[in-house]
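Geometric and topological summary
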Amino acid sequence: MSSFVVGVTGGIGSGKSAATAHFETLGISVVDADIVSRQVVAKGTHALETIVEHFGEHVILDTGELNRAALRKIVFESPDERIWLEHLTHPLIREAIITALTSADSPYAILASPLLFESDQYKMVNRTLVIDVPEALQLKRTCKRDDNSEQQVRAIMAVQMSRQDRVSKADDVIQNDQDLAYLHSQVELLHTQYLALAKQS
Ligand SMILES: CC(C)(COP(=O)(O)OP(=O)(O)OC[C@H]1O[C@@H](n2cnc3c(N)ncnc32)[C@H](O)[C@@H]1O)[C@@H](O)C(=O)NCCC(=O)NCCS
Ligand SMILES: Nc1ncnc2c1ncn2[C@@H]1O[C@H](COP(=O)(O)OP(=O)(O)OP(=O)(O)O)[C@@H](O)[C@H]1O
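Note that the structure is a prediction, hence the values are computed from the model and not measured.

This part is about the site of ligand 2. Taken together, 15 residues lie near ligand 2, and K16, S17, R145, N176 and Q178 sit nearest. The separation between an oxygen atom of ligand 2 and a polar main-chain atom of S14 is 3.2 Å. Within the backbone of Q178, an N or O atom sits 2.8 Å from a nitrogen atom of ligand 2. For ligand 2, the protein covers 77% of the area, taking 640 Å² as the surface of the free molecule.

Spelled out as structure tokens, the structure:
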């Protein structure tokens, strides 16, 4: 188990995955809360059954998997429904993150999560890194990547912590407003620091 864990966060489409993919190429184990959050509601899980009982059959695909687009539409339009879903999934996500971090064996490990500060996941990490982008770029990159409408991305951004609050809580910040080569260079600088901090811990 890695004794030093860096939490990487940022708003939707800020570049968390792009940053953590580069940490991975440097040999660092990455636990991604978005991936974990899909596993806890995979086909056949009790959590998925509970979701279908609550929202109805239309949130399930013919394959038996969660219809993510349908659920996304519901929960980002209704705060009560989002809170209901978070109460169901967040404890499961937390347990699965702990299990995954326990088997991480690199000099330090990374927990990537969009809700590091909003949930209690920040308590699982020794240091925090925010990937920060201007909102216009965040919107542009997310719409280009996903088939989400601009309105839907704005609805997701609206329920997330403000850019200013997130940055004020961070130990480290990378400005991801340039090209990927620049992002990678910033990741490499921090990697050197994290190796030194992990050795001291
Ligand atoms: C609503 C769901 C089904 C939509 O699935 P979809 O495949 O469209 O999106 P995905 O899970 O890949 O999330 C995309 C991005 O949306 C944002 N997001 C997702 N859930 C939340 C949330 N509860 N609050 C704020 N932002 C969120 C994050 O930036 C995330 O990176 C899904 O996001 C979900 O189950 N969310 C609740 C669980 C959760 O809080 N996950 C966040 C990681 S801990
Ligand atoms: N510096 C950059 N230059 C150009 N494109 C970038 C840069 N950083 C990230 N991107 C692109 O922007 C999009 C969003 O980045 P990424 O998927 O890494 O964000 P994320 O924070 O992981 O998002 P989410 O919260 O939705 O999981 C991706 O298509 C990615 O390839």
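Here the narrative resumes.
A few words on the domain arrangement of the protein. Partitioning the protein into structural domains gives domain 1 (1–29 + 108–200) and domain 2 (34–103). Between domain 1 and domain 2, the contact holds 17 residues from the first and twelve residues from the second. Overall, the association of domain 1 and domain 2 removes approximately 1,300 Å² of surface from exposure, summing both partners, and the carbon and sulfur fraction of that is 64%. Along the contact surface separating domain 1 from domain 2 lie one salt bridge.

Parameters and conventions
- Residues numbered from 1 in each chain as written.
- Chains lettered and ligands numbered in written order.
- Predicted model: local features only at pLDDT ≥ 70, side-chain atom pairs only at ≥ 80, totals over all residues.
- Heavy atoms only, no water.
- Near = heavy atom within 4 Å.
- Polar contact = N/O pair within 3.5 Å; in protein donor to acceptor, adjacent residues only side chain to side chain.
- Areas by Shrake-Rupley, 256 points an atom, 1.4 Å probe, with all protein chains shown as cover.
- Domains from an automatic or database assignment.
- Contact = heavy atoms within 4.5 Å.
- Buried area = accessible area lost by both parts, 1.4 Å probe.
- Salt bridge = Lys/Arg side-chain N within 4 Å of Asp/Glu carboxyl O.

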